Amino acid sequence: MKMPEMDMKDVNFGNAFQQLLAILKLDKAMIKKVADNKSGGATAAIFLLIGTATLPVLQMIFGMRILNQTFRPDITATLLGIVGALVSTLLSYVVVTLVATKLFKGKGSFAQYFRVGGLVAGIGVVSGLIVFVPALGAIISLVVALWGLVVGYVVLKEVFHLDDKNAILTIIVAVIAIVIIQTIFNSLGLSGAASQAGFDLSSVSY
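Residues numbered from 1 in each chain as written. Predicted model: local features only at pLDDT ≥ 70, side-chain atom pairs only at ≥ 80, totals over all residues. Heavy atoms only, no water.

A short note on the packing of aromatic side chains
Inference 1: Going through the model one piece at a time under the given rule, you end up with five aromatic pairs.
Inference 2: Taking the centre distance of 6.1 Å and the plane angle of 35° together, the rings of F110 and F114 count as tilted. One end of the pair, F110, and the other, F114, are both in helix α5 (residues 110-120), four residues apart, so they sit about a helical turn from each other.
Inference 3: Taking relative accessible area as the criterion, F110 reaches 4% and is therefore assigned buried.
Inference 4: Residue F114 is classed as buried on the basis of its relative accessible area, which comes to 2%.
Inference 5: Clustering of aromatic rings is evident, with ring pairs tying together Y93, F110, Y113, F114 and F160. (Phe/Tyr/Trp six-rings, centres within 6.5 Å; stacked < 30°, edge-to-face > 60°. Helix = DSSP H or I, 4+ residues; strand = E, 2+ residues; numbered from the N terminus. Buried < 20%, exposed > 50% of the residue type's maximum accessible area, 1.4 Å probe, protein only.)

Below you can see the structure in the form of structure tokens.
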């Protein structure tokens, strides 16, 4: 499965941000444009990295609240968490692509799905920031997550040219496959490395 082309000279954050907003508004024409833009790989990768890294980095800086204690993950745990999240995301893209194209005759490719999915992953910045918003943070996070599911569904349909039935079946089969893979990883001790990497307990406050 071929990765999309990556060329940093093609990165245009202003244009990419406008594309992201259009996709979040369910602009199908923009989804197709981004998917078919062969020069958009590097931009998608950067947005994916930033969106994935925002929450772990903020937790390392400001700590995360668990019950009545605040834990601040050390840099090793943070880096492992980011790498683990990136690997999991890429794995999910691969699984979705294989299920959509091999089982349900989708027409898209991994590279197309990556270019759109990576760009949309940029909303992880919002998700990471609102966690630290008192009171309304949880509600906003839920709204963002639910809308993310809607966007993901539309992106899946448009990138792989699936009808409603096959799009839903793709999601169901892909989720089952990912859960199985995750279970295998867990049994081999390959998952949860970030949580086992250790916390800087000197930063615990009560």
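A few points about the nonpolar core
Inference 1: Residues I23, V116, V155, V159 and F160 are the most contacted members of the largest nonpolar core, which totals 34 residues.
Inference 2: When residues no more than four places from it in sequence are discounted, the contact partners of I23 are M30, I31, V34, V116, L119, V120, V151 and V155. (Core = buried A, V, L, I, M, F, W, Y, C linked by side-chain atoms within 4.5 Å. Contact = heavy atoms within 4.5 Å.)

Observations concerning the environment of G122
Inference 1: Inspection of the secondary structure assignment puts G122 in the loop between α5 and α6 (124-130).
Inference 2: For the pair G122 and L20, spaced 102 residues apart in sequence, the C-alpha to C-alpha distance is 8.1 Å.
Inference 3: If near-sequence neighbours (up to four positions away) are discounted, G122 is found in contact with F47 and G51.

Quick word on the side chain of Q112
Inference 1: Within the element layout of this structure, Q112 appears in helix α5.
Inference 2: Relative accessible area serves as the criterion here: at 17%, Q112 is assigned to the buried category.
Inference 3: In contact with Q112, not counting residues within four places along its chain, are A35, D36, K107 and V159.

A closer look at the pattern of salt bridges
Inference 1: Taken as a whole and assessed by the stated rule, the structure comprises two salt bridges.
Inference 2: Between E158 and K32 there is a salt bridge, and its shortest N-O distance comes to 3.7 Å. You can see E158 sitting in helix α7 (residues 137-160) and its partner K32 sitting in helix α2 (residues 28-36), a full 126 residues away along the chain.
Inference 3: Note on K32: relative accessible area 40%, which makes it partly exposed.
Inference 4: Taking the shortest distance from any N to any O, the salt bridge between K157 and D164 comes out at 2.5 Å. (Salt bridge = Lys/Arg side-chain N within 4 Å of Asp/Glu carboxyl O.)

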